[in-house]
Amino acid sequence: MSKKLLILPGDGIGPEVMAVVRRVIDWMDKRRGVSFDVEEGLVGGASIDAHGVPVTDEVVEKALAADAVLLGAVGGPKWDNLDFARKPERGLLRLRKDLELFANLRPAMCFDALVDASTLKPELVRGLDIMIVRELTGGVYFGEPRGIEDLGNGIRRGINTQVYTTPEIIRVARVAFELAGKRGGRLTSVEKANVMESGVLWREEVSKLGAEEYPDIALDHMYADNCAMQLVRAPKQFDVIVTDNLFGDILSDAAAMLTGSLGMLPSASLGAEENGRRRALYEPVHGSAPDIAGQDKANPMATLLSFSMALRYSFDLGGEADLIEGAVEDVLAAGLRTADIQEPGKPAVTTTAMADALIAALDKRTA
Ligand code: IPM
Ligand code: MG
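Residues numbered from 1 in each chain as written. Chains lettered and ligands numbered in written order. Predicted model: local features only at pLDDT ≥ 70, side-chain atom pairs only at ≥ 80, totals over all residues. Heavy atoms only, no water.

*Asks:* Please clarify how the packing of aromatic side chains should be interpreted in this entry.
*Replies:* Applying the stated rule across the entire model yields four aromatic pairs. Ring geometry for Phe36 against Phe307: centres 5.7 Å apart, planes inclined by 65°, an arrangement best described as edge-to-face. In this pair, Phe36 sits in the loop between helix 1 (14-32) and strand 2 (37-40) while Phe307 sits in helix 10 (residues 301-313), placing the two residues 271 residues apart along the sequence. Across this residue pair, the class does not change: Phe36 and Phe307 are buried. Geometrically, the ring pair formed by Phe36 and Phe315 is edge-to-face, given 5.2 Å between the ring centres and 75° between the ring planes. Taken together, the positions of Phe36 in the loop between helix 1 and strand 2 and Phe315 in the loop between helix 10 and helix 11 (318-333) put the pair 279 residues apart, joining distant regions of the chain. The buried category is assigned to Phe315, whose relative accessible area is 10%. Through a chain of ring-to-ring contacts, the aromatic side chains of Phe36, Phe307 and Phe315 assemble into a single cluster. Here the basic side chain of Lys97 rests over the ring of Phe142, its NZ or CZ set 4.6 Å away from the ring centre. (Phe/Tyr/Trp six-rings, centres within 6.5 Å; stacked < 30°, edge-to-face > 60°. Helix = DSSP H or I, 4+ residues; strand = E, 2+ residues; numbered from the N terminus. Buried < 20%, exposed > 50% of the residue type's maximum accessible area, 1.4 Å probe, protein only. Lys NZ or Arg CZ within 6 Å of the ring centre and 35° of its normal.)

If you want it as structure tokens, here you go:
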């Protein structure tokens, strides 16, 4: 059976880190007999430059037809002044929306070798393994009405709408309950039910679903502001967190930084399961890092680990995913570090050197 993978490198460091994944894909083809039907396309600023839009209909069609999409990063100063509808980020948002990728899985785990790269005390983060499930196609990101109105007399009003329906809450909560069942059995649902009706509804629906279908999962509820505080106070109290689009955006950045580097963290965005297949897009949590783009400095690990999530969730290749994750740990344990996770007094290596070491580690593990 062919495995259709659409690769969208995007902007900034996107193409550099994706080149490392391409090397691993070639390695898998040659050494493991696992091959993919790979296509590449443009997204973000790269697509704006070539076609005037952040993503073309053709690329969206290809994404809909693929078994999985792997995306690098979008955006950069070159496109900052475009109007809102044409910004690089809209390409990503359109893909999420058109593919109906409502569940965004953002693991925050601390690699042993990187405990000291965290800004928190080592004992707070050693062994950290949190999964944030962020709702990705609803809430204030897409709610109507939205816009900027002119009220006259030089006064304007900006409007966005936070809105959730019960099916939107239930489907993402279900993904989170299922994940909790496969992990530590604990789920924290996060909203602001103290000030928002959408939060009250969120809490009610998650509670009901938990009581009816997941009685074995230990469910608790937390306000988003408290959750932000708890994440930096005692992050290991969490197993799985489920929350809305905006809170998830913010809390997942905070959780990511606990681990020492955004450059290490992958994510998966999943749609509904239909005929045994789930639409899925995988991308690193970090952005396009224009300040270091083109300098062979970027950390390729987050994108490589995103590919490994694709192997696990979309292609049922858990063994190959283990292999890649093992190679990542080998490289870190050997002390290789790109600048973002550099240790004081030790040199930083290039993206290329990191990739060479990864391939060598893969060779060694399969020798
Ligand atoms: C993220 C990013 C995006 C978001 C931007 C690039 C639109 O911050 O994936 O977390 O806000 O969702
Ligand atoms: Mg974000």
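*Asks:* What's the story with the site of ligand 1 in this structure? I'm lost.
*Replies:* Neighbouring residues of ligand 1: Glu89, Arg96, Arg106, Arg134, Tyr141 and Asp249. Between ligand 1 and the protein, one listed contact pairs an oxygen atom with a side-chain N or O atom of Arg96 at 2.7 Å. Between Arg106 and ligand 1, the recorded distance is 2.8 Å, taken from a side-chain N or O atom to an oxygen atom. Contact with the protein chains hides 73% of the accessible area of ligand 1, taken as 320 Å² for the molecule alone. Counting contributing residues per domain, the shell around ligand 1 is built from domain 1 (1-109 + 262-367) and domain 2 (129-258), each supplying no fewer than three. (Near = heavy atom within 4 Å. Polar contact = N/O pair within 3.5 Å; in protein donor to acceptor, adjacent residues only side chain to side chain. Areas by Shrake-Rupley, 256 points an atom, 1.4 Å probe, with all protein chains shown as cover. Domains from an automatic or database assignment.)

*Asks:* Any chance you could explain the sheet that holds strand 10 (residues 240-243) here in plain terms?
*Replies:* Sheets are built from strands paired through backbone hydrogen bonds, the pairs being either parallel or antiparallel. The mixed open sheet is built from ten strands, whose spatial order is 2-1-3-12-11-4-5-10-8-9. Each edge of the sheet is formed by a strand with only one pairing partner; in this case those strands are strand 2 and strand 9 (218-223). Averaged over all pairs of adjacent strands, the angle between their axes in this sheet comes to 20°, without regard to strand direction. Summarising the sheet, strand 5 (residues 129-135) and strand 10 pair through four bridges and their orientation is parallel. In the sheet register, Ile132 faces strand 10, and the bridge partner there is Ile241. Here helix 1 sits on the sheet in contact with strand 1 (4-10), strand 2 and strand 3 (68-73), set at roughly 150° to strand 1. Seen against the sheet, helix 4 (residues 88-98) touches strand 1, strand 3, strand 4 (103-109), strand 5 and strand 12 (277-284) and runs at an angle of roughly 160° to strand 12. (Pairing = 2+ DSSP bridges. Axes fitted to C-alpha atoms, helices over the stretch in contact; angles between N-to-C directions. Contact = heavy atoms within 4.5 Å.)

*Asks:* Honestly, the nonpolar core in this entry has me stumped. Any pointers?
*Replies:* Across soluble globular proteins, you tend to see nonpolar side chains buried next to one another. Residues Phe36, Leu105, Val133 and Phe307 are the most contacted members of the largest nonpolar core, which totals 65 residues. Of the residues forming this core, the biggest block, eight residues, is contributed by helix 6 (residues 166-182). When residues of this core are assigned to domains, at least three fall in each of domain 1 (1-109 + 262-367) and domain 2 (129-258). Residues within four places of Val133 in sequence aside, it is in contact with Asn104, Leu105, Val172, Val175, Ala176, Leu179, Val240, Ile241, Val242 and Thr243. Grouped together as the second largest cluster of nonpolar side chains are 19 residues, Cys227, Ile241, Phe247 and Leu251 included. (Core = buried A, V, L, I, M, F, W, Y, C linked by side-chain atoms within 4.5 Å.)

*Asks:* Please explain the side chain of Asp239 as it appears in this structure.
*Replies:* Here Asp239 shows up in the loop between helix 8 (224-233) and strand 10. Of the polar contacts made by the side chain of Asp239, one reaches the side chain of Arg183; its length is 3.0 Å. With near-sequence residues (within four places) excluded, Asp239 lies in contact with Asp129, Ile130, Met131, Ala180, Arg183, Gly184, Gly185 and Arg186.

*Asks:* Honestly, the packing of helix 10 against helix 11 in this entry has me stumped. Any pointers?
*Replies:* For any two helices packed against each other, one specifies the inter-axial angle together with the distance between the axes. Following both chains from N to C, one finds helix 10 and helix 11 inclined at 160°, their axes separated by 7 Å at the closest point. The angle between helix 10 and helix 11 falls in the class roughly antiparallel. In this structure, helix 10 crosses over helix 11, and the sense of that crossing is left-handed. Across the interface between the two elements, Met301, Leu304, Leu305, Phe307, Ser308, Leu311 and Arg312 from helix 10 touch Gly318, Glu320, Ala321, Asp322, Ile324, Glu325, Val328 and Val331 from helix 11. (Parallel < 35°, antiparallel > 145°, perpendicular 65-115°, else oblique. Left-handed = near helix turned anticlockwise from the far one by under 90°.)

*Asks:* Any chance you could explain the domain arrangement of the protein here in plain terms?
*Replies:* Where the parts come together, the accessible area they lose is often given as the size of the interface. Each assigned domain of the protein is listed here: domain 1 (1-109 + 262-367) and domain 2 (129-258). With centres defined by C-alpha atoms, the gap from domain 1 to domain 2 works out at 25 Å. Across the boundary between the two partners, domain 1 contributes 20 residues, which contact 21 residues of domain 2. Overall, the association of domain 1 and domain 2 removes approximately 1900 Å² of surface from exposure, summing both partners, and the carbon and sulfur fraction of that is 63%. Taken together, the links from domain 1 to domain 2 amount to zero salt bridges. On the surface where domain 1 and domain 2 come into contact, there are six residue pairs in polar contact (both at pLDDT 80 or more). Where the side of domain 1 that touches domain 2 is concerned, the elements lending two or more residues are helix 4 and strand 4. Among the elements that make up the side of domain 1 that touches domain 2, the one with the highest residue count is strand 4 (seven residues). When grouped by side-chain class, the residues that make up the side of domain 1 that touches domain 2 number 13 nonpolar, two polar and five charged. (Buried area = accessible area lost by both parts, 1.4 Å probe. Salt bridge = Lys/Arg side-chain N within 4 Å of Asp/Glu carboxyl O. Nonpolar A, V, L, I, M, F, W, Y, C, P; charged D, E, K, R; others polar.)

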